Amino acid sequence: MTDGAVTRTRVGIVGAGPAGLMLSHLHHRAGIDAVNVDNRTRHEIETTVRAGILEADSVRLLTETDVSDRVLREGHAHEGIALRFAGESHRIDFQALVGESVWLYPQTDVFTDLADARARDGGDVRFGISDTRLIDLTGDRPAIRFTDADGAAHEVRCDVVVGADGSHSMCRQQVPETHRRLFAKEYPFAWFGFLVEAPPSAPELVYTHSDRGFALISQRTASMQRMYFQCEPDEDVAAWSDDRVWTEMQSRVAGPDGFVLREGPISDQAVLRFRSLVCEPMRHGNLLLAGDAAHTVPPTGAKGLNLALADVRVLATCLERALDDGDPDALDRYGLLALDRVWRTQHFSYWMTQMLHSLPGGDHFDRRRQVAELRSVVDSTAGATYLAEGYTGWPRG
Ligand SMILES: Cc1cc2nc3c(=O)[nH]c(=O)nc-3n(C[C@H](O)[C@H](O)[C@H](O)COP(=O)(O)OP(=O)(O)OC[C@H]3O[C@@H](n4cnc5c(N)ncnc54)[C@H](O)[C@@H]3O)c2cc1C
């Protein structure tokens, strides 16, 4: 309900990324009012290239809750990935190992589907706001104050605030240091990511270990591909001409099997620094954290977007119990339930990262050991099954 500069709702959500929008969508289906605010415009979010791989359960969440079935028409099911090392590719067959697939479907499309579903259902989503502030988080009148897109001051009064505002979360900062613990790991490398106008070089993602560092070959469409290579965290994008990028990429994937990347004009170059982070607990008073605001993972396991969606699936149920049924413990149960998956995912992403990247200061011993680890994964049904389970996503439980 809007009354001048004040809107009253039950759940005020900072962030209209995948976590924030999916949460308000699930609340709508349960008859719970929610408002999202986001300091970017819809166009800005829609045009920022990010994740590309959806776990099977993320796809089911989109389709079974009636967000959209576009993912089934325009996405591509991938039944495996290749691990490439010592110049040869080894396929991990997800369908044969665990009977699941992942879906290639860009995060920008996930966002568009969610934003369209919110608009279709009359959802209240305020894009392009600024000066977000939270008040009274431990009292009984929590609120989000902000300046709306037209420059007017506004307040959303609610029962609970959800911080779904991404990895640099302002909401996380509102939890006093004495009440939270941050578990963090920095990595001494980054990814140089770019788009390529060319046909796919491989039918599925290729995760490459090489003496020159990691490279990832991924796909987007029949004529546009996304690729990454390991670089220094402070790498200067301007220092990389297309020729230099292709020489580096081709040398990382080269091998006796003659695998060669299909080259084309390069665009959207960016250095992606990453780290592992978990904030515990995920609740402070009437503030709950979800998605990247509560945890970030390195991109190697393709998990960030999926984990954000898994969080809000649990959070929606816990909030329903707390708000509709008056269950006093439901808000605390959210973190306890979500953190189990969060830490498994942290381990999986860390494991993939350490196994595939060149470690600074690493020597021949380290590289030989990594290759032995990769061989143990691809040559062992148990090893390959663990990777397949983690990559396609553990069952909800
Ligand atoms: C290059 C790249 C590749 C990736 N690849 C993958 C992948 O293959 N698979 C995968 O699963 N994940 C991947 N990820 C991670 C994935 O993109 C994130 O985990 C995901 O976006 C998390 O969703 P979220 O809703 O929690 O946060 P976000 O998508 O970051 O959304 C947070 C929203 O909050 C808004 N916001 C921030 N601060 C404020 C504020 N103060 N007031 C109001 N609004 C605010 C932001 O504008 C943003 O729209 C990748 C990430 C990057 C950068």
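Criteria and thresholds
Residues numbered from 1 in each chain as written. Predicted model: local features only at pLDDT ≥ 70, side-chain atom pairs only at ≥ 80, totals over all residues. Heavy atoms only, no water. Helix = DSSP H or I, 4+ residues; strand = E, 2+ residues; numbered from the N terminus. Rg over C-alpha atoms; globule rule 2.2 N^0.38 Å. Buried < 20%, exposed > 50% of the residue type's maximum accessible area, 1.4 Å probe, protein only. Areas by Shrake-Rupley, 256 points an atom, 1.4 Å probe, with all protein chains shown as cover. Lys, Arg positive; Asp, Glu negative; His and termini not counted. Charge placed at Lys NZ, Arg CZ, Asp CG, Glu CD. Salt bridge = Lys/Arg side-chain N within 4 Å of Asp/Glu carboxyl O. Near = heavy atom within 4 Å. Polar contact = N/O pair within 3.5 Å; in protein donor to acceptor, adjacent residues only side chain to side chain. Pairing = 2+ DSSP bridges. Contact = heavy atoms within 4.5 Å. Axes fitted to C-alpha atoms, helices over the stretch in contact; angles between N-to-C directions.

K.L.:
Please set out the overall build of the protein residue by residue, giving values where relevant.
P.N.:
Within the protein one finds 12 helices and 22 strands. Over its C-alpha atoms the protein spans a radius of gyration of 22 Å, differing by no more than 12% from the 21 Å that the globule rule assigns to 397 residues. Dimensions along the principal axes, computed over C-alpha positions, put the protein at roughly 70 × 40 × 40 Å. Sorting the 397 residues of the protein into buried and exposed places 54% on the buried side. Total accessible area computed for the protein in this model is approximately 16800 Å², and 48% of it derives from carbon and sulfur atoms. Each charge sign in the protein was given a centre, from 42 positive and 58 negative side chains, and these centres are 2 Å apart.

K.L.:
Please provide a residue-by-residue account of the pattern of salt bridges, values included.
P.N.:
Summed over all chains, the structure comprises 27 salt bridges. Between aspartate 257 and arginine 84 there is a salt bridge whose closest N-O contact spans 2.8 Å. Taken together, the residues aspartate 257 in the loop between helix 8 (242-253) and strand 19 (266-280) and arginine 84 in strand 7 (residues 80-85) connect sequence positions 173 residues apart. What makes arginine 84 buried here is its relative accessible area of 1%. Of the charged contacts in the structure, one is a salt bridge between glutamate 204 and arginine 91, with a shortest N-O distance of 2.8 Å. Taken together, the positions of glutamate 204 in the loop between strand 15 (181-197) and strand 16 (206-208) and arginine 91 in strand 8 (residues 88-93) put the pair 113 residues apart, joining distant regions of the chain. Because the salt bridges share partners, they merge into one network encompassing Arg70, Glu74, Asp109 and Asp113.

K.L.:
Describe in detail the site of the ligand, supporting the description with residues and values.
P.N.:
The immediate surroundings of the ligand are formed by 29 residues, with Asp38, Gln107, Thr132, Asp292 and Leu305 found nearest. Measuring from an oxygen atom of the ligand, one finds a side-chain N or O atom of glutamine 107 at 2.6 Å. A total of 1000 Å² of accessible area belongs to the ligand in isolation, and the protein chains cover 88% of it. Contributions of two or more residues to the shell around the ligand are made by helix 1 (18-29) and helix 9 (304-324).

K.L.:
Please give an account of unusual backbone geometry that cites residues and values.
P.N.:
The step from glutamate 280 to proline 281 runs through a cis peptide bond, and the omega angle for that step is -10°. Of note, aspartate 131 is a non-glycine position whose phi angle comes to about 55°, a positive value. Positionally, aspartate 131 belongs in strand 11 (residues 130-135). Of note in the backbone geometry, aspartate 136 takes a positive phi value of approximately 55° without being a glycine. Along the polypeptide, aspartate 136 turns up in the loop between strand 11 and strand 12 (143-147). With relative accessibility at 36%, the residue aspartate 136 sits in the partly exposed group.

K.L.:
Quick rundown of the pairing of strand 15? Include the residues and the values.
P.N.:
Where strand 15 lies against strand 19, 12 bridges are found, and the strand directions are antiparallel. Following the sheet pairing, glutamate 186 is matched in strand 19 by arginine 275. Sheet analysis places strand 15 next to strand 18 (residues 224-231), joined by 8 bridges and oriented antiparallel. By the bridge assignment, tryptophan 191 is partnered in strand 18 with glutamine 230.

K.L.:
Which residues make up the sheet that holds strand 15, and what values go with them?
P.N.:
One open sheet holds the 8 strands; their spatial order is 8-7-16-17-18-15-19-22, and the pairing between them is mixed. Every other strand in the sheet has two partners, leaving strand 8 and strand 22 (295-296) as the edge strands with one partner each. Packed onto the sheet, helix 8 meets strand 7, strand 15, strand 16, strand 17 (215-219), strand 18 and strand 19 and runs at close to 80° relative to strand 18.

K.L.:
Account for the side chain of histidine 357, naming residues and giving values.
P.N.:
In this structure, histidine 357 sits in the loop between helix 10 (330-356) and helix 11 (364-379). Reaching out from histidine 357, the side chain makes a polar contact with the side chain of tryptophan 191 at a distance of 2.9 Å. Separated by 2.9 Å, the side chain of histidine 357 and the backbone oxygen of threonine 353 make a polar contact. Beyond its immediate sequence surroundings of up to four residues, histidine 357 is in contact with Phe189, Trp191, Phe214, Gln230, Phe274, Thr300 and Gln370.

K.L.:
So what's going on with the sheet that holds strand 21 (residues 287-289)? Which residues, and what values?
P.N.:
With mixed pairing, 6 strands are arranged side by side in an open sheet as 10-4-3-14-21-20. Looking at strand neighbours, the two that pair on one side only are strand 10 (124-126) and strand 20 (283-284), the edges of this open sheet. When strand 4 (residues 34-37) meets strand 10, the two strands line up parallel, connected through 3 bridges. The residue of strand 10 that forms the bridge with valine 35 is aspartate 124. Contacts from helix 1 reach strand 3 (11-14), strand 4, strand 10 and strand 14 (160-163) within the one sheet, and its direction differs from that of strand 4 by about 165°. Helix 10 rests against strand 14, strand 20 and strand 21 of the sheet, and its axis sits at about 15° to strand 21.

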